[in-house]
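Geometric and topological summary
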Amino acid sequence: MLKCVIAEDEALLRDELSRLLSAAWPALNIVAECDDGGTALEGIAEHQPDVAFLDIRMPGLTGVEAARQIAQMEVRDDELLPEIVFITAYDQYAVEAFEQGAVEYVLKPAERERLMVTVQRIKK
């Protein structure tokens, strides 16, 4: 079972993303839901997820700053760094997000159909 960390500072949006992901990808195990970039890094270090959904604008570390630090993380044995998906209301960060190795960039509010496309890309 693949593991996932969600980082979104707005509780309602975090809950909605979790609900939509569970519906779009029932086999995905959401191992941590975080409200800032720092706790996202902690969750990623602890759980070694396969994918991380990061909001761009969060208190403390932004999603982009967190992605930079994720890229520098050491991984255990046969583990890989997580695929990064940015979930944001701001389209102007797309280039910077992809420069940080994002596999997807989803604009809020994330819709079920859009997340289905994202899920299919990640599965490939």
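Everything discussed here concerns the structure shown above.
To keep things clear, this report deals only with the structure shown in the data block. (Residues numbered from 1 in each chain as written. Predicted model: local features only at pLDDT ≥ 70, side-chain atom pairs only at ≥ 80, totals over all residues. Heavy atoms only, no water.)

Right, let's get into the packing of helix 2 (residues 37–47) against helix 3 (residues 63–71). Running from N to C, helix 2 and helix 3 cross one another at 25 degrees; their axes reach a closest spacing of 9 Å. The orientation of helix 2 with respect to helix 3, classified from their angle, is roughly parallel. Here the hand of the crossing between helix 2 and helix 3 comes out right-handed. Residues Gly37, Leu41 and Ile44 of helix 2 form the contact with helix 3, whose own contacting residues are Ala66, Gln69 and Ile70. Here the contact of helix 2 with helix 3 is composed, by residue class, of four nonpolar, two polar and no charged. (Axes fitted to C-alpha atoms, helices over the stretch in contact; angles between N-to-C directions. Helix = DSSP H or I, 4+ residues; strand = E, 2+ residues; numbered from the N terminus. Parallel < 35°, antiparallel > 145°, perpendicular 65-115°, else oblique. Left-handed = near helix turned anticlockwise from the far one by under 90°. Contact = heavy atoms within 4.5 Å. Nonpolar A, V, L, I, M, F, W, Y, C, P; charged D, E, K, R; others polar.)

Another aspect to go through is helix 5 (residues 112–123). With 12 residues, helix 5 should cover 16 Å at 1.5 Å per step; its first-to-last C-alpha distance of 16 Å lies within 8% of that length. Of the residues making up helix 5, those classed as buried are Leu115, Thr118, Val119 and Ile122. Buried residues of helix 5, seen end-on, are gathered within an arc of 100 degrees and therefore sit on one face of the element. Away from the buried face of helix 5 by more than 90 degrees, exposed residues Glu113 and Arg121 are located. For helix 5, the elements touching its buried residues are helix 1 (11–24), strand 3 (51–55), strand 4 (83–88) and strand 5 (102–107). (Expected span 1.5 Å × (residues − 1). Buried < 20%, exposed > 50% of the residue type's maximum accessible area, 1.4 Å probe, protein only. Arc of directions from axis to C-beta.)

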